[in-house]
Amino acid sequence: MSQENPSQPGEFRPDDRVPEGDRGCGARLRKAREAAGLSQAEVAARLKMPLRVVDSLEIEDWSRLGAPVFVRGQLRSYARLLGLTTSPMFEASGVAPVEPPTLTPRTYTRPLQRFAEQAARRFVYIVMTIAIAIPVWLATRPHLAVVSHDAAPLDVPALGAVTEPGDRGAVADDPHPLVASLAPLPAREATAPTLSLRLGGDSWVEVTARDGRVLEQGLLRAGEQRNYDAGEVARIVLGDAAAVEVRNQGHKADLAPYLRANVARFTVSSDGSLAPAAD
């Protein structure tokens, strides 16, 4: 019987030329390749796979081809190139099909048990937070001031100044702690102002305190008076010095040393003495 050789391997039907007794997939691949007039090198070039893979498929040496999923893929490519049906080739190869992974159902947890587990985790978190926060708080809190029992009350004079030697022992032997009195201190008697400004006419006045505050700044009218305590005033500027009488500690101050074009500028020291002010 004459054998027809097609011009193109893709048009060849090798299934019709393989004897029924050849059950191995490797032998069927080899005979189909030879019937198509292809060499192993040509098959490897067309499939873009190593030559050793083509040879392993034909001799059915699956150990050289890796996992079953790779063997089945390479068999499929080789069979399609030669026009063979893939399903019988897989059955003849004996390579187990790729089984999808078995999904294990999640263990069911009752709502009450799940709530108890969440509550237990939160309780542990709260306990750990308290265990860390309390030592930190104790370490950083300000220490309370300890009041000595020996401290004398605020309204009692010192023992050495008013008590007799015989009374000291009685005070020392008193087991009761002394408590500070809350009685108000006697009011301080009013004293006359150390520095006063009396205006006989209108004048612009600026008075600055020792802390930099402006005590007076503006035009004062004739007949007005300003009084200041000792150590309160640091600097004074009088726009019309002739219209202002300055009394320092009850005495009229001479402003001539501090005048410049009828404007007086002077400082007041803590002891009440006056001095020219720098411009």
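Residues numbered from 1 in each chain as written. Predicted model: local features only at pLDDT ≥ 70, side-chain atom pairs only at ≥ 80, totals over all residues. Heavy atoms only, no water.

Moving on, we get to the side chain of Glu206. Positionally, Glu206 belongs in strand 2 (residues 203-209). No salt bridge is formed by the buried Glu206, whose closest oppositely charged neighbour, Arg235, lies at an N-O distance of 4.0 Å. For Glu206, the residues in contact, after removing those within four places along its chain, are Glu216, Gln217, Arg235, Ile236 and Val237. (Helix = DSSP H or I, 4+ residues; strand = E, 2+ residues; numbered from the N terminus. Buried < 20%, exposed > 50% of the residue type's maximum accessible area, 1.4 Å probe, protein only. Lys, Arg positive; Asp, Glu negative; His and termini not counted. Salt bridge = Lys/Arg side-chain N within 4 Å of Asp/Glu carboxyl O. Contact = heavy atoms within 4.5 Å.)

Below, the discussion takes up a nonpolar patch on the surface. Among the surface-exposed residues, Tyr125, Ile126, Ile130, Ile134, Trp137 and Leu138 lie close enough to one another that they form a single nonpolar patch of about 660 Å² accessible area. Position of Ile134 among the secondary structure elements: in helix 6 (residues 111-140). (Patch = residues over 30% accessible without salt bridge, like charges linked within 9 Å, V, L, I, M, F, W, Y side chains within 5 Å. Areas by Shrake-Rupley, 256 points an atom, 1.4 Å probe, with all protein chains shown as cover.)

Next up on the list: helix 5 (residues 86-93). Here helix 5 has its buried residues at Thr86, Met89, Phe90 and Ser93. Taken end-on, helix 5 shows its buried residues confined to a sector of 100 degrees, consistent with a single buried face. The inward-facing, buried residues of helix 5 contact helix 1 (25-35) and helix 4 (68-82). (Arc of directions from axis to C-beta.)

This next bit is on unusual backbone geometry. With phi around 55 degrees, Lys48 is a residue other than glycine that occupies positive phi space. As for its placement among the helices and strands, Lys48 is situated in the loop between helix 2 (40-47) and helix 3 (51-59). A relative accessible area of 76% means that Lys48 is categorised as exposed. Located in the positive-phi region is Gln249, a residue other than glycine, with phi close to 55 degrees. Take Gln249: it is sitting in the loop between strand 6 (244-248) and strand 7 (251-252).

All right, on to the environment of Ala243 then. On the secondary structure map, Ala243 appears in the loop between strand 5 (233-238) and strand 6. Judged by its relative accessible area of 13%, Ala243 falls in the buried class. C-alpha separation for the pair Ala243 and Asp202, spaced 41 residues apart in sequence, amounts to 6.7 Å. Residues in contact with Ala243, not counting those within four places in the same chain, are Arg198, Leu199, Gly200, Gly201, Asp202 and Ser203.

Right, let's talk about the pairing of strand 3 (residues 214-220) for a bit. In the case of a regular strand, side chains alternate between the two sheet surfaces. Of the pairings in the sheet, the one linking strand 2 to strand 3 comprises six bridges and is antiparallel in character. Looking at strand 3, one finds that Trp204 is bridged to Leu219. Linkage of strand 2 to strand 3, two consecutive antiparallel strands, is achieved through a turn of four residues, within which Gly212 is found at a positive phi near 95 degrees. (Pairing = 2+ DSSP bridges.)

Next up on the list: the nonpolar core. Ranked by internal contacts, the top residues of the largest apolar core, which has 22 residues, are Leu29, Leu57, Trp62, Leu75, Tyr78, Leu82 and Leu84. Those elements giving two or more residues to this core turn out to be helix 1, helix 2, helix 3, helix 4 and helix 5. With five residues, the single largest contributor to this core is helix 4. Aside from chain neighbours lying at most four places away, what touches Leu29 is Leu57, Glu58, Leu75, Tyr78, Ala79, Leu82, Leu84 and Met89. Counting residues in hydrophobic clusters, the runner-up holds 20 residues, among them Tyr228, Ala241, Tyr258 and Ala264. (Core = buried A, V, L, I, M, F, W, Y, C linked by side-chain atoms within 4.5 Å.)

Bear in mind that shape data such as this cannot, by itself, settle questions of function.
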